[in-house]
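Per-entry structural report
Each chain, written out:
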Amino acid sequence: MEAENQMQVDLGHLLAFDPYHHFPSPPKSREELVTQCLSEGTKLVQAVVDGLFNLTSTEALEGPLVKLPKPTTRLPREKHLPRPKPPTKWELFAKSKGIQKRKKNKVLWDEQTDSWKRSYGYDRVNDDADVPIIEAKMTDEPGGDPFAKRKEEKKKRVEKTEKNRLQNLKQAAKIGALPSHVQLAATALPITGTQAPPKKITKDELGSVAGLAATATASGGKFDKKVAGEKPVKHQGKHRKFLPAAEGSGMGNREKEQTDKVLNKLMAKNSHEILNVGKAVSMYNVKKQRDGRNQKGRSSFDSSSKLKPNGKPMKGDKKSPYQKSRKGGSHGGGSKKGKAE
Amino acid sequence: MRLLDEAETTVVFEKLLKFIGNNLKNIVESPARRYCFRLQKNRVYYVSEALVKRATNISQKNLVAMGTCVGRFTHGGKFHLTVQCLGLLAANAKHKVWLK
C-alpha cells in the first residue's frame, strides 16, 4: 500500500514534505500533540539537512558553501493577475463613434524635399513650425503674430494631452490597474484632488539650493573641500535689485515713484523745521490783534468796530515785514535756526 | 551708472535738505528740464534726463562723469557733498546773506 514512505524534499525551497503522515489516533492533550509534531518535524528537518550535505560544497571564508538546486514545487502566485485597464477617454470616444484604429507608417514620402521623412519627431514631414509664410486671413487682427499664435496653440495642445494622460492614469489607479512601470516612476500621482504633478527641479534651482547649502557653514563654506566637478557659486553675496538706469526717456515712472516717496517722507519728518510763511504771517497777525484788543480795552475795540460795517477790525492794517513771496528764499524770516548747519 | 536705491536716496536728500530745506522739491521735480540723480562708481550726479539716456550708451568702464557731481558716498556709506554742487545749492538755499 505505501510503496514509498519517503519524504518529498525540495532543496530549492529548503522544503520537506511528508504526504503519508497521519495521526494514528487523535492526540489526547495539547502536550501530546506538541511532542508528536516536534518529533515529526525533526525527521523532516533531518531530511533537508541530509540533502544539503549531500550536495557538492565549495570552500569559503565562513565555511563550506553550497549552491541550492532549482526548486521543484510550484508556489502559488504572490500578486494578483494584472487587471484589465479601464478604457481611456479616447478609447471610449472612438468606440462610441465607431472609429477604427488605422496602421500608420513610420516614414512618409515628402513631396517638397523628395525624400522619405519621419511622420513624427525630428525632421518630420508636415512640421507646423517650418512654414515660412502664413497668409493672412480676413479674421486676423492687424498686429497679431501668427507664428507665435501657432506656437501657443501647440503648447496648449500638448498640455491638454498631458492632462488627459494623467486623468487616464488616475482612473486606472482607482481601479488598481495601474501599469507597473508607472507605479515605480518618480513622478508620483497625487493621491487626492486634481493637483498638477510635482514639477521637476531645474538645474538652476538645484544649483542655487546647492549653493545655499554649501554656504550654510560657520565660515560660509570657504574652507570646505569641494567635490570633483563642483563649480563655484554663481550669485555670491547679497543680490541687490536696482531700477533700470534709463526707463522710457530718461526718468521712468518707477524712479519717480521712488523719489516722490522718499521726498514726502523726508518733508513730513522735517516739517517742523521748514517754515510755512503764509501760516507764520497769519499766526503773527492773529496774535497782534489779540494783544491789541486786550491792551486798549473795551472802548477802543467798540469804536473801531462800529466804523466798519462788518464789525471786524481792518484787515491788512498792520503790514508785516515778513509778507514776501514764499519761493526765492526768505532771509531772516523768523527762522530760529540762523545758520545753515 | 545706476539708480540710487531707496536707502541711498534718503541719505542724499537728507543731506541736501539741511541746506536747501523746502526747495528740495524744486531740485527733484524741476518742471522745465527733468533732472535725476544717478550713481557712477560711488559718486552721485545730478543729470538731465536727455543726457542720462545718452549716457547709457557708454560702458561703465569708460564713463567718467556726467552732469554735475553733487557728492560721493564714502566707503562707510556716508554721503559727503562736493564743491561742484555749490551752484545748485546757491540757487535754492534756505538762508542767504548778501555782502556788499
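Residues numbered from 1 in each chain as written. Chains lettered and ligands numbered in written order. Predicted model: local features only at pLDDT ≥ 70, side-chain atom pairs only at ≥ 80, totals over all residues. Heavy atoms only, no water.

1. Focus: unusual backbone geometry
With the exception of glycine, the majority of residues adopt a negative phi angle, and the majority of peptide bonds are in the trans configuration. Residue and element names in this part refer to chain A. The condition is simple: Segments assigned H or I by DSSP are reported as helices when at least four residues long, segments assigned E as strands when at least two residues long, and all are numbered from the N terminus.
One non-glycine residue, Leu14, lies in the positive phi region at around 55°. Looking at the element boundaries, Leu14 is found in the loop between β1 (8–10) and β2 (15–17). Of note, the phi angle at Asp123 is positive, near 60°, even though the residue is not glycine. Its place among the elements puts Asp123 in the loop between β6 (115–118) and α3 (146–175).

2. A few points about the pattern of salt bridges
We count it as follows: The salt bridge definition used is simple: a Lys or Arg side-chain nitrogen within 4 Å of an Asp or Glu carboxyl oxygen. Exposure classes here rest on a 1.4 Å probe applied to the protein chains alone. A residue is buried below 20% of its type maximum, exposed above 50%, and partly exposed in between.
The tally for this structure, following the rule as stated, stands at 10 salt bridges over all chains. Linking A:Lys117 and A:Asp110 is a salt bridge whose minimum nitrogen-to-oxygen distance equals 3.6 Å. Accessibility expressed as a relative area gives 5% for A:Asp110, which makes it buried. Between A:Glu255 and B:Arg38 there is a salt bridge, with its nearest N and O atoms 3.0 Å apart. Of this pair, A:Glu255 sits in helix α6 (residues 253–269) while B:Arg38 sits in strand β1 (residues 35–40), on two different chains.

3. Remarks on the pairing of strand β2 (residues 43–48) of chain B
Residue and element names in this part refer to chain B. Defined as follows: For two strands to be treated as a pair, DSSP must find at least two bridges joining them.
Along β2, 5 of the 6 residues are buried, which leaves the element largely enclosed by surrounding structure. Sheet analysis places β1 next to β2, joined by 6 bridges and oriented antiparallel. Directly across from Leu39, in β2, lies its bridge partner Val44. The loop that links β1 with its antiparallel partner β2 comprises 2 residues; one of these, Lys41, has a positive phi angle of about 60°.

4. A closer look at the nonpolar core
Put simply, the rule is: Residue types Ala, Val, Leu, Ile, Met, Phe, Trp, Tyr and Cys, when buried and joined through side-chain atoms within 4.5 Å, form a set referred to as a nonpolar core. In this analysis, two residues are considered to be in contact whenever any of their non-hydrogen atoms come within 4.5 Å of each other.
Counting residues in hydrophobic clusters, the biggest one holds 23 residues, and the most contacted among them are B:Phe13, B:Phe37, B:Val44 and B:Val70. No other element matches helix α1 (residues 6–20) of chain B, which puts 5 residues into this core. Setting aside anything within four residues of it in sequence, one finds B:Phe13 in contact with A:Thr259, A:Val262, A:Leu263, A:Leu266, B:Leu24, B:Val28 and B:Phe37. Counting residues in each nonpolar core, the second largest holds 11 residues, with A:Met251, B:Leu63, B:Met66 and B:Cys69 among its members.

5. Concerning the packing of aromatic side chains
Let me state the cut-off plainly: To pair, rings of Phe, Tyr and Trp, with the six-membered ring standing in for Trp, must have centres within 6.5 Å; the planes then decide the type, stacked if under 30 degrees apart, edge-to-face if over 60, and tilted in the middle.
Inspection of every chain in the model, using the stated rule, returns 6 aromatic pairs over all chains. A centroid spacing of 5.6 Å and a plane angle of 40° characterise the contact between A:Trp90 and A:Phe93, whose relative ring orientation is tilted. With A:Trp90 and A:Phe93 both in helix α2 (residues 89–97) and 3 residues apart, the pair spans about one turn of that helix. Residue A:Phe93 is classed as partly exposed on the basis of its relative accessible area, which comes to 39%. Judged by centre distance (4.7 Å) and plane angle (15°), the ring pair of B:Tyr35 and B:Tyr46 falls under stacked. A residue pair is termed long-range when its members are at least 10 positions apart, and B:Tyr35 in strand β1 and B:Tyr46 in strand β2 qualify at 11 residues. Classification of B:Tyr35 by relative accessible area gives partly exposed; the value is 24%. The exposure class assigned to B:Tyr46 is buried, which follows from its relative accessible area of 7%. Every member of this aromatic cluster is reached through a ring pair, and the members are B:Phe13, B:Tyr35, B:Phe37 and B:Tyr46.

6. Focus on the side chain of B:Asn23
Residue and element names in this part refer to chain B. The condition is simple: Throughout this description, a polar contact denotes any pair of N or O atoms lying within 3.5 Å of each other; where both atoms belong to protein, one of them has to be capable of donating a hydrogen while the other can accept it, and for residues adjacent in sequence the pair is counted only when both atoms sit in side chains.
When you line up the elements, Asn23 lands in the loop between α1 and α2 (24–28). In terms of polar contacts, Asn23 uses its side chain to reach the backbone carbonyl oxygen of Asn92, at 3.0 Å. Sequence-distant contacts of Asn23, that is, excluding residues within four places in its chain, are made with Asn92 and Ala93.

7. Here we look at the pairing of strand β3 (residues 68–73) of chain B
Here is the key point about a regular strand: its side chains alternate between the two faces of the sheet. Residues and elements named next belong to chain B. Bridge count between β2 and β3: 4 bridges; the pairing is antiparallel. Its bridge partner lying in β3, Val44 is registered against Gly71. As defined by bridge partners, β3 adjoins strand β4 (residues 79–81) across 3 bridges and the pair is classed as antiparallel. For Arg72, the partnering residue across the bridge sits in β4 and is His80. In textbook terms, the turn of a hairpin is the stretch between consecutive antiparallel strands, and for β3 and β4 this stretch comprises 5 residues, one of which, Gly77, has a positive phi near 95°.

8. Considering the confidence of the model for chain B
Heads up, the condition is: pLDDT expresses how confident the predictor is about each individual residue, on a scale running from 0 to 100.
Scored by pLDDT, chain B comes out at a mean of 89, with 99% of its residues at no less than 70. If you check the scores for this complex, the pTM reads 0.39 and the ipTM reads 0.85.

9. As for the packing of α6(A) against α1(B)
Our working rule: For helices, the axis comes from a line fit to the C-alpha atoms of the stretch in contact; other axes are also lines fit to C-alpha atoms, and the angle between any two N-to-C directions lies between 0 and 180 degrees. An angle below 35 degrees is treated as roughly parallel, one above 145 as roughly antiparallel, one from 65 to 115 as roughly perpendicular, and anything else as oblique. For any pair of crossing helices, the crossing counts as left-handed if the nearer helix is rotated counterclockwise from the farther one by less than a right angle, and right-handed if it is rotated clockwise. Asp, Glu, Lys and Arg are counted as charged, while Ala, Val, Leu, Ile, Met, Phe, Trp, Tyr, Cys and Pro are counted as nonpolar; the rest, among them Gly, fall into the polar class.
Here α6(A) crosses α1(B) at 45°, and the two axes come no closer than 10 Å. Between α6(A) and α1(B), the crossing angle belongs to the class labelled oblique. When you trace α6(A) past α1(B), the crossing you get is right-handed. Seen from α6(A), the contacting residues are A:Gln258, A:Thr259, A:Lys261, A:Val262, A:Leu263, A:Lys265, A:Leu266, A:Met267 and A:Lys269; seen from α1(B), they are B:Glu6, B:Thr9, B:Thr10, B:Phe13, B:Glu14 and B:Leu17. Looking at side-chain class alone, the contact of α6(A) with α1(B) contains 6 nonpolar, 4 polar and 5 charged residues.

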